[in-house]
Amino acid sequence: MPDALIITPVKNSIQTTLKTIESVSASVGNFEYIVFNDYSDLETKSSLERNSRIYGYELVNIEDHTTNPSPNYRLILQLAQQKALIKKIPLIIVESDVIVTKNILKELIYISETYKNSGMVGAITVNEKNEYNFPYNYEKKKSNEIVKAKHSLSFSCTLITIPLLMKFSFENLSPKKDWYDVYISRQSKKYGFVNLLAKKLEVFHQPHSSRPWKKLKYENPVLYYLKKYLKNMDRI
């Protein structure tokens, strides 16, 4: 039986995606790995199909499950939860703009099993200068601590424990949203679980590689919020 189910949702950005896949595949531990292709372009889809034979992950094309246009994070989470619960293993999300080192995933599992009543355990993200970056740039002090998360955990590289998966059904996620890390983090606390941020586990993060328009938030915030609200994009 695998130690955990690892998933990576993918929308284009094949160069960063392949680095993510390579790093997950090189990780220490016994994992089942699924890459969810959410209506990527043909070049990305073809590359994912070729590389599934090289790296041994299962490729799930969301177009085989729904005609709903991307993003389909809700459906991806639902499919992943179903499989994790059947196998009674935790779910780890590693997004396609993240690179993990070989022991990160194993350490996430160890922390989740060691700390009482944990619901979610997140690795902290860093940039090329090894500085904490989005979405954890509010953490100003470098340390090797494992702390209760001050805010919601991102799904950049995060484990969801079996007890939380059993307690909260992703079938209840709102179809009116696009992303669910904030909501699931709050549900975890609502059900009495503790969310942990492992500052000693650093993963390299290139924010918004699959959604480059979101970089407008820092370059042209007015245009970003016009797109977000007028076009109903990036609903959290």
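Quick summary incoming for the structure in this document. Computed from a prediction, not measured in an experiment: that's the story for all the values here.

**Notes on the overall build of the protein chain**
Here comes step 1: Per the secondary structure count, the protein chain includes 8 helices and 9 strands.
Here comes step 2: Taken over 236 residues, the protein chain has a buried fraction of 51%.
Here comes step 3: A separation threshold of at least 6 residues defines the contact pool for the protein chain, and within that pool the share at least 24 residues apart is 76%.
Here comes step 4: Accessible surface for the protein chain amounts to roughly 11700 Å². Of this, 52% is attributable to carbon and sulfur atoms.

**Some words on the nonpolar core**
Here comes step 1: Among the nonpolar cores identified, the biggest contains 34 residues, and Ile7, Leu77, Leu91, Ile160, Phe170 and Ile184 are the most heavily contacted of them.
Here comes step 2: Every element with two or more residues in this core is listed here: strand 1 (4-10), strand 2 (31-37), helix 3 (73-87), strand 4 (91-94), strand 6 (118-126) and helix 5 (162-167).
Here comes step 3: Sorting elements by how many residues they give to this core places helix 3 first, with 5 residues.
Here comes step 4: Setting aside its immediate chain neighbours within four residues, Leu77 contacts Ile93, Phe155, Phe170, Leu173, Tyr180 and Ile184.
Here comes step 5: Core analysis: the next-biggest nonpolar cluster, separate from the first, contains 30 residues, Leu48, Cys157, Ala198 and Leu201 among them.

**Overview of the packing of helix 1 (residues 14-25) against helix 2 (residues 42-55)**
Here comes step 1: Following both chains from N to C, one finds helix 1 and helix 2 inclined at 15 degrees, their axes separated by 11 Å at the closest point. When the axis of helix 1 is compared with that of helix 2, the two are roughly parallel. Helix 2 is crossed by helix 1, and the crossing has right-handed handedness. Where helix 1 approaches helix 2, its residues Ile14, Thr17, Leu18, Ile21, Glu22 and Ser25 are matched on the opposing element by Thr44, Ser47, Leu48, Asn51 and Tyr55.
Here comes step 2: The class makeup of the residues in the contact of helix 1 with helix 2 is 5 nonpolar, 5 polar and 1 charged.

**Section: the packing of aromatic side chains**
Here comes step 1: Tallied over the full model, the rule gives 7 aromatic pairs.
Here comes step 2: When the ring of Tyr33 is compared with that of Tyr57, the centres are 5.9 Å apart and the planes differ by 65 degrees; the resulting orientation is edge-to-face. Of this pair, Tyr33 sits in strand 2 while Tyr57 sits in the loop between helix 2 and strand 3 (58-61), and the two are 24 residues apart along the sequence.
Here comes step 3: A relative accessible area of 10% means that Tyr33 is categorised as buried.
Here comes step 4: Where Phe168 meets Tyr191, the ring centres are 6.3 Å apart and the plane angle is 40 degrees; that geometry is what we call tilted. On the criterion of sequence distance, the pair formed by Phe168 in the loop between helix 5 and helix 6 (181-190) and Tyr191 in the loop between helix 6 and strand 9 (194-205) is long-range, its members being 23 residues apart.
Here comes step 5: The rings of Phe168, Phe170, Tyr183 and Tyr191 are connected pair by pair, giving a single aromatic cluster.

**A look at unusual backbone geometry**
The phi angle of most residues is negative, glycine excepted, and most peptide bonds adopt the trans form.
Here comes step 1: That bond from Ser70 to Pro71 is cis: its omega, 5 degrees, falls within 30 degrees of zero.
Here comes step 2: Tracing the backbone through its elements, the reader meets Pro71 in the loop between strand 3 and helix 3.
Here comes step 3: Of note, the bond from Phe134 into Pro135 is cis; its omega dihedral lies within 30 degrees of zero at 10 degrees.
Here comes step 4: Note that Pro135 resides in the loop between strand 6 and strand 7 (146-148).

**Quick look at helix 3**
Here comes step 1: In this model helix 3 runs 21 Å from its N-terminal to its C-terminal C-alpha over 15 residues, within 8% of the 21 Å that 1.5 Å per residue would give.
Here comes step 2: Taken as a whole, helix 3 has its buried residues at Tyr73, Ile76, Leu77, Gln78, Ala80, Gln81 and Ala84.
Here comes step 3: Positive phi shows up at Lys88, right after helix 3, with a value of about 55 degrees.

**Points about the pairing of strand 8 (residues 157-160)**
Here comes step 1: Covered by surrounding structure in strand 8 are Cys157 and Leu159 together with Thr158 and Ile160, the residues of both alternating faces.
Here comes step 2: As defined by bridge partners, strand 6 adjoins strand 8 across 3 bridges and the pair is classed as antiparallel. By the bridge assignment, Met120 is partnered in strand 8 with Ile160.

**Here's the deal with helix 2**
The periodicity of an α-helix, 3.6 residues per turn, causes residues three or four positions apart to be oriented the same way.
Here comes step 1: Between its first and last C-alpha atoms helix 2 spans 20 Å; for 14 residues at 1.5 Å apiece the expected length is 20 Å, and the two agree.
Here comes step 2: Those residues of helix 2 lying buried are Thr44, Lys45, Ser47, Leu48, Asn51 and Ser52.
Here comes step 3: Structurally, helix 2 contributes buried residues whose contacts are with strand 1, helix 1, strand 2 and strand 3.
Here comes step 4: A positive phi of about 80 degrees marks Gly56, the residue just after helix 2.

Each value, and the rule that gives it
Counting starts from 1 at the beginning of each chain's written sequence and moves along it residue by residue. Local features in a predicted model are, by the rule used here, given only for residues with pLDDT of at least 70; side-chain atom pairs are given and counted only at 80 or more, and totals for whole chains, interfaces and linings are based on all residues. Excluded from the side-chain calculation are hydrogens and water; included are all heavy atoms of the structure. Elements are defined by DSSP. Helices are runs of H or I of four residues or more, strands are runs of E of two residues or more, and each kind is numbered from the N terminus. Only protein chains enter the accessibility calculation, which uses a 1.4 Å probe; a residue is then buried when its area is under 20% of its type maximum, exposed when over 50%, and partly exposed in between. We call two residues contacting when some pair of their heavy atoms lies within 4.5 Å. All accessible-area figures derive from a Shrake-Rupley calculation using a 1.4 Å probe, and residue coverage is judged against the displayed protein chains alone. Remark: nonpolar core denotes a set of buried residues (Ala, Val, Leu, Ile, Met, Phe, Trp, Tyr, Cys) joined through side-chain atoms within 4.5 Å. Working convention: axes come from line fits to C-alpha atoms, limited for helices to the stretch in contact. Angles between N-to-C directions cover 0 to 180 degrees. Note on terminology: angles under 35 degrees are roughly parallel, angles over 145 are roughly antiparallel, angles of 65 to 115 are roughly perpendicular, and the others are oblique. Crossing chirality is assigned from the near helix's rotation relative to the far helix, an anticlockwise turn below a right angle marking it left-handed and a clockwise turn marking it right-handed. Gly falls in the polar group here, along with every residue not listed as nonpolar (Ala, Val, Leu, Ile, Met, Phe, Trp, Tyr, Cys, Pro) or charged (Asp, Glu, Lys, Arg). Stacked, edge-to-face and tilted are the three classes for Phe, Tyr and Trp ring pairs, Trp counted by its six-membered ring, which pair at centre distances within 6.5 Å; planes under 30 degrees apart are stacked, over 60 edge-to-face, the rest tilted. Multiplying 1.5 Å by the helix residue count minus one yields the expected span of that helix. Any two strands with at least two DSSP bridges between them are considered paired.

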